[in-house]
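# Topology and contacts: notes
Here are the chains, one letter per residue:
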Amino acid sequence: MAANALVVFYSRYGKTEQLALAAGVGAIQERANIRLRRLPDLTDASVIRADAAWTENLDRMRREYIAPREIDIQWAEVLILAAPQDRTAEMELFLDTLGESVRGKIGLAIGTFAAEAAKTGLIVGAVAGRPEDATAAAREAVKRAKGVGRG
């Protein structure tokens with residue numbers, strides 16, 4: 001049985017996007033179905049436009065990803081969440097919107113917000129930093145979800 005894994009990330013310059021993609025690969029390696037979603041920016045548009053690299057990456061990411069939707073959260077058995085170490089406001093806002101719909105689901109926090117993720121009722125594992133760590137951790141999260149579903 002394939003698990004459904006929702007990969008939700010926030011990235012400005014692409015580094016966290018790479019971690020999210022690496023985690024997505026790990027989920028696929030465990031035969032999960034995946035959806036990739038990028039959180040919208042909370043920063044004022046004028047600040048973003050003043051940074052050429054951020055603007056360029058944002059234009060590309062807006063073409064390649066949509067924001068997570070309620071239907072994605074309901075669909076997922078695993079939530080893989082990634083945000084930069086120093087930029088978690090977007091992720092924390094997203095976590096605040098989850099409510100009871102994620103209670104008991106398997107979660108993976110790639111970044112420094114694992115405690116906030118656990119408050120949602122997700123069963124959270126945490127990993128930081130390197131793509132290979134994100135890949136391995138996502139594989140384990142999917143394995144756990146498959147084990148929970150077999151009960």
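Treat the numbers as computed from the prediction; the structure is a model and nothing was measured.

## Overview of unusual backbone geometry
Residues apart from glycine generally show negative phi values, whereas peptide bonds are mostly found in trans. With phi around 65°, Arg 31 is a residue other than glycine that occupies positive phi space. Locating Arg 31 in the fold gives a position in the loop between helix H1 (15–29) and strand E2 (33–38). A relative accessible area of 61% means that Arg 31 is categorised as exposed.

## Looking at the packing of aromatic side chains
In this structure the tally under the stated criterion is 2 aromatic pairs. Look at Phe 9 and Tyr 65: their rings are 5.0 Å apart centre to centre, the planes differ by 85°, and that puts the pair in the edge-to-face class. In this pair, Phe 9 is assigned in strand E1 (residues 4–9) and Tyr 65 in the loop between helix H3 (52–64) and helix H4 (70–75), connecting sequence segments 56 residues apart. Of the two residues, Phe 9 and Tyr 65, neither departs from the other in class, the shared state being buried. Consider the rings of Tyr 13 and Trp 54, whose centres lie 6.4 Å apart with planes at 55°: the pair is tilted. Of this pair, Tyr 13 sits in the loop between E1 and H1 while Trp 54 sits in helix H3, and the two are 41 residues apart along the sequence. The class of Tyr 13 is partly exposed, set by a relative accessible area of 44%. Using a relative accessible area of 3% as the deciding quantity, one classes Trp 54 as buried. Cation over ring: Arg 35 sits above Trp 75, and NZ or CZ is 4.0 Å from the ring centre.

## Considerations on the pairing of strand E3 (residues 78–82)
With respect to burial, E3 is a largely interior element, 5 of its 5 residues being buried. Neither face of E3 is left uncovered, since the one carrying Val 78, Ile 80 and Ala 82 and the one carrying Leu 79 and Leu 81 both have all their residues buried. Bridge count between E1 and E3: 5 bridges; the pairing is parallel. Across the sheet, Leu 6 pairs through a bridge with Leu 79, a residue of E3. Of the strand pairs in this sheet, E3 and strand E4 (residues 106–110) are connected by 5 bridges, and their pairing is parallel. If you follow Leu 81 over to E4, its bridge partner there is Ala 109.

Rules used in this analysis
Residues numbered from 1 in each chain as written. Predicted model: local features only at pLDDT ≥ 70, side-chain atom pairs only at ≥ 80, totals over all residues. Heavy atoms only, no water. Helix = DSSP H or I, 4+ residues; strand = E, 2+ residues; numbered from the N terminus. Buried < 20%, exposed > 50% of the residue type's maximum accessible area, 1.4 Å probe, protein only. Phe/Tyr/Trp six-rings, centres within 6.5 Å; stacked < 30°, edge-to-face > 60°. Lys NZ or Arg CZ within 6 Å of the ring centre and 35° of its normal. Pairing = 2+ DSSP bridges.

It is worth stressing that arrangement in space is one thing and function is another; only the former is reported here.
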